[in-house]
Structure formats: structure tokens, C-alpha cells
Amino acid sequence: MTGMSDEQIRAASVSGAPPQYQEIVIADYDPEWPQWFERAAEEIRAALGEKVLGLDHVGSTSVPGLAAKPLIDINMAVADTTVEEAYVPQLEAIRYVLRVREPDWYEHRLLRGFDPPVNLHVFPRNCEEVEQGLRFRDWLRTHDDDRDLYERTKRELAAKQWKYLQNYADAKSAVIQEILARART
């Protein structure tokens, strides 16, 4: 995925434009993060039952020793992300808020949870992005050099000012693709 334009960011945001510049805080790894994931996963599974076709802790908080924004990224697979009435109301009932709808990127949906802080990425079943997230996570868990490279990159980028948080995320794409290329070989 290449960098999104301001127009694309505003279009994907469910409630209008996301907030502009916010400080990006990268915290040292916290051994509590896996428990945060387990707590969120348990709540999500209780709310959705068999509609959950996959639920994985991904992103930096899923990699022991890796500094991260203290926010749990979870990839969830459902039968069809476009049928939001099948899962969004149940997630809203447990205090998740639909924030992003990206029909041009795997029909991705993003819901934000707050206790614990979660970015819940919803993808359709068998989506290649889910597999890629797991490949990236697993590679970083076993390759200290790439984990260190990724952490350095994140810290350098977090020190800059970005109009939208998405701009920061997009700026990491080159190093993510470089690491994924090694993970695929």
C-alpha cells in the first residue's frame, strides 16, 4: 500500500477527517501487552462468536522486545467486511467505534477500542494482508537485526511532525516492504 493522500485519508475516515497532528509516542516494550490482547480477544469473541474467523495479535506490540505505540493491533477475519451489520453493532455494544472504511484496500475496516486500547483491523476471510501481518510479526520475533532496524525507523519517524497519523504509518512502508522481502525468501 502506498502513501495515502489527504483526500484519501479524509474519505476513508468514517466520521470526517481524523485529528491532525498528534504526538506519536513510542514506548519501550511492555510485557503486559500480550495480556491486553488476550483481554480484548476474549471480549471480541464473546461479542461475535462464530463470526470471528480469525483473530491475531499483530503489529509492534506483538513482538517481544520491540518498542511500540501502546496500542494493540488486532487483525480479525470475517466472512464479508462489507456486511457491517453482521459485526459492527456487536462491537459497538462493547465500546468499539468504527473509524475507517477502505473499500479499495481489501475492504478493510478499522474499529477503535479503548480498554485496552485497540486498533481492530477487519479483513475478509483469506485476505493476503492477514497472512502478511503474521509473516512480518513472526519474522521480527526471530530476527533481531530487522527488529532493531524497524524500531530505529519508527523512532526516527515518530520524532517528526505528521499531518495525520496515517502519514507516519505510510512513511514506514519502505522499511516494512524491505523486511517482508527478506521474510519471503
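Data block above holds the structure.
Residues numbered from 1 in each chain as written. Predicted model: local features only at pLDDT ≥ 70, side-chain atom pairs only at ≥ 80, totals over all residues. Heavy atoms only, no water.

Draft legend 1. Seen up close, the environment of Ile9. Locating Ile9 in the fold gives a position in helix H1 (residues 6–12). The spatial distance from the C-alpha of Ile9 to the C-alpha of Val83 is 22 Å, given a sequence separation of 74 residues. (Helix = DSSP H or I, 4+ residues; strand = E, 2+ residues; numbered from the N terminus.)

Draft legend 2. Quick look at the pairing of strand E4 (residues 108–114). Buried residues dominate E4, accounting for 6 of its 7 residues. Relative to E4, strand E3 (residues 97–102) is paired through 5 bridges, and the arrangement is antiparallel. Looking at E4, one finds that Val100 is bridged to Leu110. Counted along the chain from E3 to the antiparallel partner E4, the turn is 5 residues long, and its residue Tyr106 has a positive phi close to 60°. As judged from the 6 bridges shared by E4 and strand E5 (residues 117–124), these two strands associate in the antiparallel manner. The partner of Leu111 across the bridge, within E5, is Leu120. (Buried < 20%, exposed > 50% of the residue type's maximum accessible area, 1.4 Å probe, protein only. Pairing = 2+ DSSP bridges.)

Draft legend 3. Layout of the nonpolar core. If you look at the biggest cluster of nonpolar residues, it comprises 23 residues, and the most contacted ones within it are Ile44, Met76, Leu91 and Leu120. Elements supplying a minimum of two residues to this core: helix H2 (33–48), strand E2 (72–78), helix H3 (88–93) and E5. Sort the elements by how many residues they give to this core and H2 lands first, with 6 residues. The residues contacting Met76, other than those within four sequence positions of it, are Ile44, Leu48, Val52, Gly54, Leu55, Tyr87, Leu91, Leu120, His121, Val122 and Phe123. Of all hydrophobic cores here, the second largest spans 12 residues; its members include Phe136, Trp139, Leu149 and Ile176. (Core = buried A, V, L, I, M, F, W, Y, C linked by side-chain atoms within 4.5 Å. Contact = heavy atoms within 4.5 Å.)

Draft legend 4. The packing of aromatic side chains, seen in detail. By the definition in use, this model includes 5 aromatic pairs. Measuring from ring centre to ring centre gives 6.5 Å for Tyr106 and Phe123, while their planes differ by 75°; the resulting arrangement is edge-to-face. In this pair, Tyr106 is assigned in the loop between E3 and E4 and Phe123 in strand E5, connecting sequence segments 17 residues apart. Of the aromatic side chains, those joined through ring pairs into one cluster are Trp105, Tyr106 and Phe123. (Phe/Tyr/Trp six-rings, centres within 6.5 Å; stacked < 30°, edge-to-face > 60°.)

Draft legend 5. Structural view of the side chain of Ser60. On the secondary structure map, Ser60 appears in the loop between strand E1 (54–58) and E2. By relative accessible area, which is 10% here, Ser60 ends up buried.

Draft legend 6. Expanded view of the sheet that holds E4. Ordered in space as E1-E2-E5-E4-E3, the 5 strands form an open sheet in which the pairing is mixed. The two strands at the open ends of the sheet, each matched to only one other strand, are E1 and E3. Strand-to-strand twist across the sheet, computed as the mean angle between neighbouring axes with direction ignored, equals 20°. Pairing of E1 with E2 involves 5 bridges; the strand directions are antiparallel. Each residue of the ladder has a partner; that of Leu55, found in E2, is Met76. (Axes fitted to C-alpha atoms, helices over the stretch in contact; angles between N-to-C directions.)

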